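# Fold and contact review
So the chains spell out like this:
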Amino acid sequence: MKVTKDMIMGEILRMEMGLAPIFMENGMHCLGCPSAQLETIEEACSVHGIDADALTAKLNAYLEKKQA
């Protein structure tokens, strides 16, 4: 799996809960709230003032390490 910034956060978390700490470390603490379940990474990053490309890179680095 490769994460893109247009993916829905809730779907990503259902596929790999191990990504939750990365979201939380980057200021996204309300992963269980309804809006977080329906937002894309890019939309959530915009709301939180986070660089979507940088966060996506961190998420993908985790997934690549896990697959290795």
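Residues numbered from 1 in each chain as written. Predicted model: local features only at pLDDT ≥ 70, side-chain atom pairs only at ≥ 80, totals over all residues. Heavy atoms only, no water.

### A few points about the overall build of the protein chain
Note the following rule: Helix and strand labels come from DSSP, where a helix needs a run of H or I of at least four residues and a strand needs a run of E of at least two; each type is numbered from the N terminus. When we talk radius of gyration, it's over C-alpha atoms, and the globule rule is simply 2.2 Å times the number of residues to the 0.38. Burial classes follow relative accessibility: with a 1.4 Å probe on protein chains only, a residue under 20% of its type's maximum area counts as buried, one over 50% as exposed, and anything between as partly exposed. Any two residues whose heavy atoms approach within 4.5 Å are treated as being in contact. When charges are tallied, Lys and Arg are placed among the positive residues and Asp and Glu among the negative ones, while His and the ends of the chain are skipped. Positions of charges follow a simple convention, taking NZ of Lys, CZ of Arg, CG of Asp or CD of Glu.
When you go through the protein chain residue by residue, the secondary structure sums to five helices and zero strands. N-terminal to C-terminal, the α/β element order of the protein chain is α-α-α-α-α. Relative to a compact globule of 68 residues, whose C-alpha radius of gyration would be 11 Å, the protein chain shows 11 Å and is just as compact. Principal-axis analysis of the C-alpha atoms places the extent of the protein chain at approximately 30 × 20 × 20 Å. Per-residue burial for the protein chain yields a buried fraction of 40% across its 68 residues. In the protein chain, once contacts between residues fewer than 6 apart in sequence are set aside, the share between residues at least 24 apart is 58%. The average position of the 6 basic charges and that of the 10 acidic charges among the side chains of the protein chain differ by 7 Å.

### Structural notes on the pattern of salt bridges
Quick reminder of the rule: Put simply, a salt bridge is a Lys or Arg side-chain nitrogen that is within 4 Å of an Asp or Glu carboxyl oxygen.
One pass over the structure, following the stated rule, counts three salt bridges. Across the pair E42 and K5 runs a salt bridge, and its minimum N-O distance is 3.8 Å. Highlighted residues: E42 in helix α4 (residues 41-48) and K5 in the segment before α1 (9-15), separated in sequence by 37 residues. Judged by relative accessible area, which is 40%, E42 ranks as partly exposed. Overall, K5 belongs to the partly exposed group, its relative accessible area being 28%. Note that E16 and K66 form a salt bridge whose closest N and O atoms lie 2.6 Å from each other. Within this pair, whereas E16 is found in the loop between α1 and α2 (20-25), its partner K66 is found in helix α5 (residues 52-67), the two being separated by 50 residues in sequence. Judged by relative accessible area, which is 12%, E16 ranks as buried. The class for K66 is partly exposed, based on a relative accessible area of 48%. When salt bridges with common partners are traced through the structure, they connect K5, E42 and D53 into a single cluster.

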